[in-house]
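Remarks on the overall topology
For reference, the chains in residue letters:
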Amino acid sequence: MNEIKGNSLKWAMGIGFVCLVLLIGVSRFIMKVHFPTDILAGFALGAAYSLILFKLYKFLGSRCFE
């Protein structure tokens, strides 16, 4: 995200992506394709995976990603 200038654009993109994920989860439930527990588990796994990658990126810093 270093290429994106400005904090407000980063926040807007982050909020947009979170809304997209939530809307997809809700649509899966409304269309009765998945059980609510499946959707919640997917949200939890996605959040955990994202947090791990974020922490790994912060830990390794610019040593590996330049």
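Structure report, in brief. Numbering of residues starts from 1 in every chain and runs along the sequence as written. Local features are withheld for residues below a pLDDT of 70 in this predicted model, meaning they are given only at 70 or higher, and side-chain atom pairs are given and counted only at 80 or more; totals for whole chains, interfaces and linings count all residues. For side-chain calculations, the full set of non-hydrogen atoms in the structure is used, while hydrogens and water are omitted.

**Focus: the overall build of the chain**
As a reminder of what qualifies: Here a strand is any run of E in DSSP of at least two residues, a helix any run of H or I of at least four, and the numbering for each starts at the N terminus. A 1.4 Å probe rolled over the protein chains alone gives each residue an accessible area, and that area as a share of the maximum for its type sets the label: buried under 20%, exposed over 50%, partly exposed in between. To be clear on the numbers: accessible area is Shrake-Rupley with a 1.4 Å probe, and residue cover counts the displayed protein chains and nothing else.
Within the chain, the regular secondary structure consists of two helices and zero strands. Of all 66 residues assigned to the chain, the portion counted as buried reaches 5%. For the chain, the exposed area adds up to about 6000 Å²; of that, 74% sits on carbon and sulfur atoms.

**Quick word on a nonpolar patch on the surface**
Defined as follows: Patch definition: residues with relative accessible area over 30% and no salt bridge; like charges joined within 9 Å; nonpolar side chains (Val, Leu, Ile, Met, Phe, Trp, Tyr) joined within 5 Å. Salt bridge criterion: a side-chain nitrogen from Lys or Arg within 4 Å of a carboxyl oxygen from Asp or Glu.
Residues Leu9, Met13, Phe17, Leu20 and Ile24 make up a contiguous nonpolar surface patch of roughly 460 Å² in combined accessible area. Relative to the assigned elements, isoleucine 24 resides in helix H1 (residues 7–30).

**Some remarks on the packing of H1 against helix H2 (residues 36–60)**
Worth spelling out the cut-off: Convention adopted: a line fitted to C-alpha atoms gives each axis, helices being fitted over their contacting stretch, and angles between N-to-C directions are expressed from 0 to 180 degrees. Any angle that falls under 35 degrees is termed roughly parallel, while one over 145 is termed roughly antiparallel, one within 65 to 115 roughly perpendicular, and all others oblique. Note on convention: near helix rotated counterclockwise from far helix by under a right angle means a left-handed crossing. Clockwise means right-handed. Contact between two residues is taken to exist if any of their heavy atoms lie within 4.5 Å; hydrogens are not considered. Each residue is assigned to one of three groups, with Ala, Val, Leu, Ile, Met, Phe, Trp, Tyr, Cys and Pro labelled nonpolar, Asp, Glu, Lys and Arg labelled charged, and all others, Gly among them, labelled polar.
Where H1 meets H2, the closest approach of the two axes is 9 Å, and the angle between their N-to-C directions is 160 degrees. One element, H1, and the other, H2, form an angle in the roughly antiparallel class. For the element pair H1 and H2, the recorded crossing hand is right-handed. For the pair H1 and H2, contact is made by Val21, Leu22, Gly25, Arg28 and Phe29 and by Pro36, Ile39 and Phe43, respectively. Its residues placed into classes, the contact of H1 with H2 shows six nonpolar, one polar and one charged.

**Concerning H2**
Defined as follows: Multiplying 1.5 Å by the helix residue count minus one yields the expected span of that helix.
Over its 25 residues, H2 extends 36 Å from the first C-alpha to the last, a length consistent with the 36 Å expected when each residue adds 1.5 Å. Immediately beyond the C-terminal end of H2, within one or two residues, lies glycine 61, with a positive phi of roughly 60 degrees.

**Considerations on H1**
Over its 24 residues, H1 runs 34 Å from end to end, which matches the ideal 34 Å to within 8%, given 1.5 Å per residue. Looking one or two places after H1, you find lysine 32, whose phi comes out positive at around 60 degrees.

Purely geometric stuff here, so don't read any function into it on its own.
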